[in-house]
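Spelled out, the chains give:
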Amino acid sequence: DAGVIQSPRHEVTEMGQEVTLRCKPISGHDYLFWYRQTMMRGLELLIYFNNNVPIDDSGMPEDRFSAKMPNASFSTLKIQPSEPRDSAVYFCASSLGHQPGTGLNTEAFFGQGTRLTVV
Amino acid sequence: AQKVTQAQTEISVVEKEDVTLDCVYETRDTTYYLFWYKQPPSGELVFLIRRNSFDEQNEISGRYSWNFQKSTSSFNFTITASQVVDSAVYFCALSEAWGNKLVFGAGTILRVKS
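To start, this report covers the structure provided alongside it. (Residues numbered from 1 in each chain as written. Chains lettered and ligands numbered in written order. Predicted model: local features only at pLDDT ≥ 70, side-chain atom pairs only at ≥ 80, totals over all residues. Heavy atoms only, no water.)

## Regarding the pairing of strand S8 (residues 74-79) of chain A
Relative to S8(A), strand S3 (residues 19-24) of chain A runs antiparallel, the two being bridged by five bridges. For A:Cys23, the partnering residue across the bridge sits in S8(A) and is A:Ser75. (Pairing = 2+ DSSP bridges. Helix = DSSP H or I, 4+ residues; strand = E, 2+ residues; numbered from the N terminus.)

What follows is the structure, given as structure tokens:
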């Protein structure tokens, strides 16, 4: 498998513009996560989906942020309008959820991230 | 609430030295999972290990070893005979039994000098 694929890798945009980040999870994974990494706040969970349904969006900073997962192989994170404080690295991750047979939680695999700069 | 503390902000060692990265966690759950991830200079997050709260066996994988102690709520990571390629930011993380969402520590920057 190619792993979690994110696009674009880098995005530079002007304040006020709409930004859309894209993610293709690993095939067969039931969970998809969006994380944000900044110097000030570290790695923080924004939202996660289970079987394409948003489960917890309590980490989404404000209404300017929205995320969708229209099918099992694609998710988007949209910021509209963008602001300079949104500049960060955004990671998408996916996991199988629970190990077949044992029911144990499995690990999440991360994409390479999208470095967003809002000027 | 869940919390992960990595008190060491940055560690510098000389190649071939052993180094231990500390991780202390807080949770009210009786079932939980602990993880270590590596973030090399290229920026991606690489999974290293997952541990269940009911399995306190220490684990060794090549030069890497992990010490899980529930009594002290710690999950420490030791690199034996460090190499320059080990230079990275290392994150400890915690997840609850349901949901798989990760709470990360602040990370420890490891610099291995030749």
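## As for the interface of chain B and chain A
Between chain B and chain A, the contact holds 21 residues from the first and 21 residues from the second. Across the interface of chain B and chain A, roughly 1800 Å² is buried in total on both sides, 54% from carbon and sulfur atoms. Applying the counting rule to chain B against chain A returns two salt bridges. The partner of B:Lys101 in a salt bridge is A:Asp56, and the shortest N-O contact between them spans 2.4 Å. Summed over the shared surface of chain B and chain A, the number is nine residue pairs in polar contact (both at pLDDT 80 or more). Mapped onto the side of chain B that touches chain A, the elements with two or more residues apiece are strand S5 (32-39), strand S6 (46-52), strand S10 (88-96) and strand S11 (102-104) of chain B. At four residues, S5(B) tops the list of elements feeding residues into the side of chain B that touches chain A. For the side of chain B that touches chain A, a count of residues per class yields 11 nonpolar, six polar and four charged. (Contact = heavy atoms within 4.5 Å. Buried area = accessible area lost by both parts, 1.4 Å probe. Salt bridge = Lys/Arg side-chain N within 4 Å of Asp/Glu carboxyl O. Polar contact = N/O pair within 3.5 Å; in protein donor to acceptor, adjacent residues only side chain to side chain. Nonpolar A, V, L, I, M, F, W, Y, C, P; charged D, E, K, R; others polar.)

## Observations regarding empty space enclosed by the protein
Empty space left among the atoms is revealed by rolling a probe the size of a water molecule over them. Under the definition given, this model contains one cavity of 30 Å³ or more. Roughly 40 Å³ of volume is contained in the largest cavity. In this structure, the largest cavity is lined by A:Ser95, A:Asn105, A:Thr106, A:Glu107, A:Ala108, B:Phe35, B:Ser95, B:Asn100 and B:Leu102. Its residues assigned to classes, the lining of the largest cavity comprises three nonpolar, five polar and one charged. (1 Å grid on protein atoms, 1.4 Å probe; cavity = no way out; pocket = protein on both sides within 12 Å on 5 of 7 lines; lining within 4 Å. Points joined across faces, edges and corners; volume = space filled by probe spheres on them.)

## Some details on the environment of A:Gln6
All names here are of chain A. Here Gln 6 shows up in strand S1 (residues 5-7). Classification of Gln 6 by relative accessible area gives buried; the value is 6%. Separated by 68 residues in sequence, Gln 6 and Phe 74 place their C-alpha atoms 9.9 Å apart. In this structure the side chain of Gln 6 is engaged in a polar contact, spanning 2.9 Å, whose partner is the backbone nitrogen of Cys 92. (Buried < 20%, exposed > 50% of the residue type's maximum accessible area, 1.4 Å probe, protein only.)

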